[in-house]
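Here's the letter readout for the chains.
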Amino acid sequence: MTIRTTFTSGRDECAAWLTLPDRPGPHPAVVLVHGGGATHDMMLAQYEKWFSEAGIAVVAFDFRHLGESGGHPRQLVSQRRYAEDVDAALDFARSRVELDAHRIALWGTSFGASHVLAAAARHDDLRAAVVQCPVFSGRAVVSRAGIPHLLRFTVPIAADLVRAAFGRPRRYVPLVGKPGDLAFVNQPGALEGWQSVTPPGHHFDNRITAASGLGMLFYNAASSAPHVHCPLLVCACEQENLIDPAIAGRVAATAPRAVLRHYDADHFTVYHPPAVDQIVADQIDFLTAHLVPNRTTPL
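This text gives an overview of the structure that appears in the document. These numbers were taken from a predicted model, which means no experiment stands behind them.

### Some points on the pairing of strand 4 (residues 57-61)
Burial runs high along strand 4: 5 of the 5 residues are buried. Residues of strand 4 alternate between two faces, with Ala57, Val59 and Phe61 on one and Val58 and Ala60 on the opposite face, all of them buried. Pairing geometry for strand 2 (residues 12-19) and strand 4, over 4 bridges, is antiparallel. Considered in strand 4, the bridge of alanine 16 is made with phenylalanine 61. Of the strand pairs in this sheet, strand 3 (residues 27-33) and strand 4 are connected by 3 bridges, and their pairing is parallel. Opposite valine 31, over in strand 4, you have valine 59 as the bridge partner. Regarding topology, helix 1 (residues 44-53) serves as the crossover connection from strand 3 to the parallel strand 4, and that connection is right-handed.

Structure (C-alpha coordinates):
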(Lines give C-alpha, C1' and ligand atoms only; values in the text may rest on other atoms or scores of the structure.)
Protein backbone atom coordinates (compact mmCIF):
# COMPACT_ATOMS: atom_id res chain seq x y z
CA MET A 1 0.00 0.00 0.00
CA THR A 2 1.37 3.39 -1.02
CA ILE A 3 0.15 6.61 0.63
CA ARG A 4 0.68 9.91 -1.18
CA THR A 5 1.48 12.57 1.40
CA THR A 6 3.76 15.56 2.08
CA PHE A 7 6.23 16.83 4.64
CA THR A 8 7.59 20.30 5.28
CA SER A 9 11.12 21.32 4.41
CA GLY A 10 12.08 24.94 4.85
CA ARG A 11 9.13 27.02 3.71
CA ASP A 12 7.88 24.49 1.16
CA GLU A 13 6.23 21.10 0.99
CA CYS A 14 7.95 18.02 -0.38
CA ALA A 15 5.73 15.50 -2.13
CA ALA A 16 6.22 12.13 -0.43
CA TRP A 17 5.17 8.52 -0.90
CA LEU A 18 4.96 6.06 2.02
CA THR A 19 4.83 2.39 1.01
CA LEU A 20 4.04 -0.14 3.74
CA PRO A 21 4.57 -3.91 3.82
CA ASP A 22 1.50 -6.12 3.93
CA ARG A 23 2.06 -7.16 7.54
CA PRO A 24 1.71 -5.66 11.04
CA GLY A 25 4.02 -2.78 11.99
CA PRO A 26 5.83 -0.81 13.17
CA HIS A 27 8.12 -1.49 10.24
CA PRO A 28 11.79 -0.85 9.59
CA ALA A 29 12.09 1.73 6.84
CA VAL A 30 14.39 2.97 4.12
CA VAL A 31 14.29 6.53 2.74
CA LEU A 32 14.94 6.68 -1.02
CA VAL A 33 16.95 9.58 -2.47
CA HIS A 34 16.71 9.92 -6.25
CA GLY A 35 19.40 11.06 -8.65
CA GLY A 36 20.24 14.47 -10.06
CA GLY A 37 17.32 16.19 -11.78
CA ALA A 38 15.21 13.05 -11.42
CA THR A 39 11.85 12.65 -9.69
CA HIS A 40 9.88 9.95 -7.94
CA ASP A 41 8.24 8.95 -11.23
CA MET A 42 11.59 7.95 -12.68
CA MET A 43 12.00 4.30 -11.60
CA LEU A 44 11.57 4.65 -7.82
CA ALA A 45 8.28 2.72 -7.82
CA GLN A 46 10.08 -0.54 -8.54
CA TYR A 47 12.24 -0.15 -5.44
CA GLU A 48 9.18 0.72 -3.34
CA LYS A 49 7.62 -2.55 -4.49
CA TRP A 50 10.68 -4.74 -3.97
CA PHE A 51 11.67 -3.38 -0.56
CA SER A 52 8.12 -3.37 0.84
CA GLU A 53 7.60 -6.96 -0.33
CA ALA A 54 10.72 -7.83 1.68
CA GLY A 55 9.15 -6.33 4.81
CA ILE A 56 10.85 -2.91 4.70
CA ALA A 57 8.68 0.20 4.51
CA VAL A 58 9.75 2.88 2.03
CA VAL A 59 9.65 6.67 2.15
CA ALA A 60 10.28 8.33 -1.21
CA PHE A 61 10.06 12.02 -2.06
CA ASP A 62 10.76 14.70 -4.64
CA PHE A 63 13.33 17.30 -3.72
CA ARG A 64 12.11 20.86 -3.46
CA HIS A 65 11.99 22.69 -6.81
CA LEU A 66 11.51 19.36 -8.64
CA GLY A 67 8.61 17.16 -9.66
CA GLU A 68 5.52 17.41 -7.47
CA SER A 69 7.25 19.28 -4.64
CA GLY A 70 6.99 23.00 -4.02
CA GLY A 71 9.71 25.58 -4.34
CA HIS A 72 10.55 28.38 -6.76
CA PRO A 73 12.33 28.83 -9.04
CA ARG A 74 11.70 25.45 -10.60
CA GLN A 75 14.61 23.14 -11.40
CA LEU A 76 16.91 24.75 -8.85
CA VAL A 77 19.67 22.37 -7.73
CA SER A 78 20.87 23.34 -4.26
CA GLN A 79 23.04 20.99 -2.23
CA ARG A 80 22.19 22.88 0.98
CA ARG A 81 18.45 22.67 0.37
CA TYR A 82 18.65 19.05 -0.69
CA ALA A 83 20.49 18.23 2.55
CA GLU A 84 17.65 19.91 4.43
CA ASP A 85 15.15 17.84 2.43
CA VAL A 86 16.89 14.57 3.32
CA ASP A 87 16.94 15.57 6.99
CA ALA A 88 13.24 16.47 6.79
CA ALA A 89 12.47 13.12 5.15
CA LEU A 90 14.25 11.31 7.99
CA ASP A 91 12.28 13.34 10.56
CA PHE A 92 9.09 12.46 8.69
CA ALA A 93 9.96 8.75 8.74
CA ARG A 94 10.69 8.86 12.47
CA SER A 95 7.37 10.62 13.13
CA ARG A 96 5.15 7.98 11.47
CA VAL A 97 3.50 5.55 13.89
CA GLU A 98 3.62 2.85 11.19
CA LEU A 99 7.44 2.98 11.22
CA ASP A 100 10.06 2.04 13.81
CA ALA A 101 12.01 5.25 14.43
CA HIS A 102 15.02 3.23 15.61
CA ARG A 103 15.31 1.15 12.41
CA ILE A 104 15.78 3.68 9.61
CA ALA A 105 18.15 3.41 6.63
CA LEU A 106 19.01 5.60 3.65
CA TRP A 107 19.27 4.57 -0.01
CA GLY A 108 20.56 6.77 -2.81
CA THR A 109 21.17 6.39 -6.51
CA SER A 110 23.48 8.35 -8.82
CA PHE A 111 23.88 11.92 -7.51
CA GLY A 112 21.49 11.00 -4.71
CA ALA A 113 24.32 8.84 -3.37
CA SER A 114 26.17 12.07 -2.51
CA HIS A 115 23.26 13.27 -0.40
CA VAL A 116 23.02 9.89 1.32
CA LEU A 117 26.73 9.78 2.12
CA ALA A 118 26.69 13.32 3.53
CA ALA A 119 23.52 12.63 5.53
CA ALA A 120 24.93 9.39 6.92
CA ALA A 121 27.89 11.39 8.22
CA ARG A 122 25.47 13.76 9.98
CA HIS A 123 23.16 11.13 11.46
CA ASP A 124 24.84 8.64 13.77
CA ASP A 125 21.50 6.96 14.54
CA LEU A 126 21.05 5.54 11.03
CA ARG A 127 21.07 1.75 10.98
CA ALA A 128 22.43 1.43 7.44
CA ALA A 129 22.97 3.20 4.12
CA VAL A 130 23.01 1.92 0.53
CA VAL A 131 24.25 3.69 -2.60
CA GLN A 132 24.20 2.49 -6.20
CA CYS A 133 25.97 3.81 -9.32
CA PRO A 134 27.21 6.53 -6.97
CA VAL A 135 28.19 10.00 -8.12
CA PHE A 136 30.13 11.36 -5.16
CA SER A 137 31.60 14.39 -6.96
CA GLY A 138 29.78 16.75 -9.28
CA ARG A 139 33.05 18.16 -10.56
CA ALA A 140 34.24 14.70 -11.57
CA VAL A 141 31.24 14.34 -13.88
CA VAL A 142 31.24 17.78 -15.48
CA SER A 143 35.01 18.02 -15.86
CA ARG A 144 35.21 14.83 -17.93
CA ALA A 145 34.21 16.93 -20.94
CA GLY A 146 37.26 19.15 -20.44
CA ILE A 147 38.05 22.74 -19.49
CA PRO A 148 36.72 24.26 -22.77
CA HIS A 149 33.35 22.70 -22.02
CA LEU A 150 33.32 24.16 -18.51
CA LEU A 151 34.19 27.62 -19.84
CA ARG A 152 31.08 27.57 -22.05
CA PHE A 153 28.98 27.92 -18.90
CA THR A 154 30.60 31.19 -17.81
CA VAL A 155 28.08 33.47 -19.53
CA PRO A 156 24.93 31.47 -18.62
CA ILE A 157 26.02 31.23 -14.97
CA ALA A 158 26.85 34.94 -14.75
CA ALA A 159 23.52 35.83 -16.39
CA ASP A 160 21.62 33.61 -14.00
CA LEU A 161 23.34 35.09 -10.94
CA VAL A 162 22.43 38.61 -12.08
CA ARG A 163 18.83 37.57 -12.76
CA ALA A 164 18.57 35.95 -9.32
CA ALA A 165 19.96 39.05 -7.62
CA PHE A 166 17.32 41.26 -9.23
CA GLY A 167 14.41 38.83 -8.88
CA ARG A 168 14.19 38.23 -12.63
CA PRO A 169 13.20 34.94 -14.34
CA ARG A 170 16.11 32.54 -14.15
CA ARG A 171 18.48 31.50 -16.94
CA TYR A 172 18.30 27.78 -17.64
CA VAL A 173 20.63 25.31 -19.30
CA PRO A 174 20.06 21.64 -20.13
CA LEU A 175 21.03 19.15 -17.44
CA VAL A 176 21.89 16.37 -19.89
CA GLY A 177 22.58 16.32 -23.61
CA LYS A 178 24.53 14.61 -26.37
CA PRO A 179 28.32 14.96 -26.77
CA GLY A 180 29.16 18.53 -27.72
CA ASP A 181 25.87 19.95 -26.40
CA LEU A 182 25.87 22.80 -23.89
CA ALA A 183 24.64 20.57 -21.07
CA PHE A 184 26.16 19.88 -17.69
CA VAL A 185 26.28 16.16 -18.47
CA ASN A 186 27.05 15.35 -22.10
CA GLN A 187 28.91 12.05 -22.03
CA PRO A 188 28.10 9.53 -24.75
CA GLY A 189 24.90 7.69 -23.93
CA ALA A 190 23.90 10.01 -21.08
CA LEU A 191 20.83 11.49 -22.75
CA GLU A 192 19.63 8.09 -23.89
CA GLY A 193 20.27 6.79 -20.38
CA TRP A 194 18.13 9.47 -18.77
CA GLN A 195 15.40 8.72 -21.28
CA SER A 196 15.60 5.00 -20.41
CA VAL A 197 14.52 5.73 -16.83
CA THR A 198 11.71 8.07 -17.87
CA PRO A 199 8.42 6.15 -18.07
CA PRO A 200 6.04 6.55 -21.03
CA GLY A 201 3.86 9.61 -20.67
CA HIS A 202 6.16 11.25 -18.11
CA HIS A 203 7.79 14.59 -18.93
CA PHE A 204 11.42 14.87 -17.90
CA ASP A 205 12.13 18.56 -17.31
CA ASN A 206 15.66 18.56 -18.73
CA ARG A 207 16.95 21.86 -17.40
CA ILE A 208 18.44 23.43 -14.29
CA THR A 209 19.09 27.02 -13.31
CA ALA A 210 22.52 27.83 -14.73
CA ALA A 211 24.00 28.97 -11.41
CA SER A 212 23.16 25.55 -9.96
CA GLY A 213 26.25 24.35 -11.77
CA LEU A 214 28.48 26.20 -9.31
CA GLY A 215 27.16 24.15 -6.43
CA MET A 216 27.56 20.95 -8.42
CA LEU A 217 31.17 21.77 -9.27
CA PHE A 218 32.18 22.36 -5.65
CA TYR A 219 30.17 19.54 -4.07
CA ASN A 220 32.42 16.67 -3.03
CA ALA A 221 30.51 14.31 -0.75
CA ALA A 222 33.34 11.76 -0.90
CA SER A 223 35.10 13.77 1.81
CA SER A 224 32.31 12.70 4.21
CA ALA A 225 33.19 9.01 3.95
CA PRO A 226 35.46 8.78 7.04
CA HIS A 227 32.60 10.14 9.17
CA VAL A 228 30.02 7.55 8.06
CA HIS A 229 29.87 5.09 10.94
CA CYS A 230 26.79 3.08 10.00
CA PRO A 231 27.08 0.01 7.75
CA LEU A 232 27.38 1.22 4.14
CA LEU A 233 26.82 -0.83 0.99
CA VAL A 234 28.42 0.66 -2.13
CA CYS A 235 27.03 -0.87 -5.35
CA ALA A 236 29.44 0.17 -8.09
CA CYS A 237 29.11 -0.36 -11.84
CA GLU A 238 32.04 -1.97 -13.62
CA GLN A 239 31.09 -0.16 -16.84
CA GLU A 240 30.45 3.21 -15.15
CA ASN A 241 30.25 5.86 -17.87
CA LEU A 242 29.58 9.12 -16.01
CA ILE A 243 32.35 9.22 -13.43
CA ASP A 244 35.64 7.53 -12.62
CA PRO A 245 34.60 4.29 -10.85
CA ALA A 246 37.73 4.46 -8.70
CA ILE A 247 36.02 7.18 -6.64
CA ALA A 248 33.47 4.66 -5.36
CA GLY A 249 36.33 2.38 -4.38
CA ARG A 250 38.05 5.14 -2.44
CA VAL A 251 34.85 5.98 -0.58
CA ALA A 252 34.35 2.33 0.35
CA ALA A 253 37.96 2.12 1.53
CA THR A 254 37.68 5.16 3.82
CA ALA A 255 34.19 4.62 5.29
CA PRO A 256 34.77 2.56 8.46
CA ARG A 257 32.01 -0.04 7.89
CA ALA A 258 31.63 -0.04 4.11
CA VAL A 259 31.18 -3.02 1.82
CA LEU A 260 31.94 -2.61 -1.91
CA ARG A 261 30.20 -4.74 -4.53
CA HIS A 262 30.78 -4.55 -8.29
CA TYR A 263 28.19 -5.27 -11.00
CA ASP A 264 28.39 -5.74 -14.74
CA ALA A 265 26.39 -2.62 -15.61
CA ASP A 266 26.81 0.99 -16.61
CA HIS A 267 25.24 4.06 -15.02
CA PHE A 268 21.85 3.39 -16.59
CA THR A 269 21.59 -0.35 -17.22
CA VAL A 270 21.84 -0.66 -13.43
CA TYR A 271 18.10 0.15 -13.30
CA HIS A 272 17.08 -2.61 -15.70
CA PRO A 273 17.23 -6.41 -15.83
CA PRO A 274 19.33 -8.41 -15.53
CA ALA A 275 21.64 -6.14 -13.47
CA VAL A 276 18.91 -4.69 -11.25
CA ASP A 277 17.76 -8.16 -10.15
CA GLN A 278 21.10 -9.06 -8.55
CA ILE A 279 21.71 -5.57 -7.19
CA VAL A 280 18.34 -5.34 -5.44
CA ALA A 281 18.68 -8.87 -4.06
CA ASP A 282 22.00 -7.85 -2.47
CA GLN A 283 20.52 -4.60 -1.19
CA ILE A 284 17.57 -6.41 0.41
CA ASP A 285 19.91 -8.88 2.09
CA PHE A 286 22.02 -6.02 3.41
CA LEU A 287 19.10 -3.90 4.62
CA THR A 288 17.30 -6.86 6.17
CA ALA A 289 20.40 -7.89 8.09
CA HIS A 290 20.80 -4.42 9.60
CA LEU A 291 17.14 -3.50 10.06
CA VAL A 292 15.54 -6.76 11.14
CA PRO A 293 16.51 -8.36 14.50
CA ASN A 294 18.14 -11.78 14.58
CA ARG A 295 19.38 -11.67 11.00
CA THR A 296 22.97 -12.49 10.10
CA THR A 297 25.01 -9.69 8.56
CA PRO A 298 25.51 -10.48 4.82
CA LEU A 299 28.26 -9.96 2.32
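### Re the nonpolar core
The biggest cluster of nonpolar side chains holds 103 residues, and the ones touching the most others in it are Phe51 and Trp194. Among the elements that make up this core, the one with the highest residue count is helix 10 (residues 275-291) (8 residues). In this view, tryptophan 194 contacts Gly36, Met42, Leu175, Val176, Val185, Phe204, Leu242 and Phe268; residues no more than four positions away in its chain are not counted.

Rules used in this analysis
Residues numbered from 1 in each chain as written. Predicted model: local features only at pLDDT ≥ 70, side-chain atom pairs only at ≥ 80, totals over all residues. Heavy atoms only, no water. Buried < 20%, exposed > 50% of the residue type's maximum accessible area, 1.4 Å probe, protein only. Helix = DSSP H or I, 4+ residues; strand = E, 2+ residues; numbered from the N terminus. Pairing = 2+ DSSP bridges. Right-handed = clockwise from strand over helix to strand, strands pointing away. Core = buried A, V, L, I, M, F, W, Y, C linked by side-chain atoms within 4.5 Å. Contact = heavy atoms within 4.5 Å.

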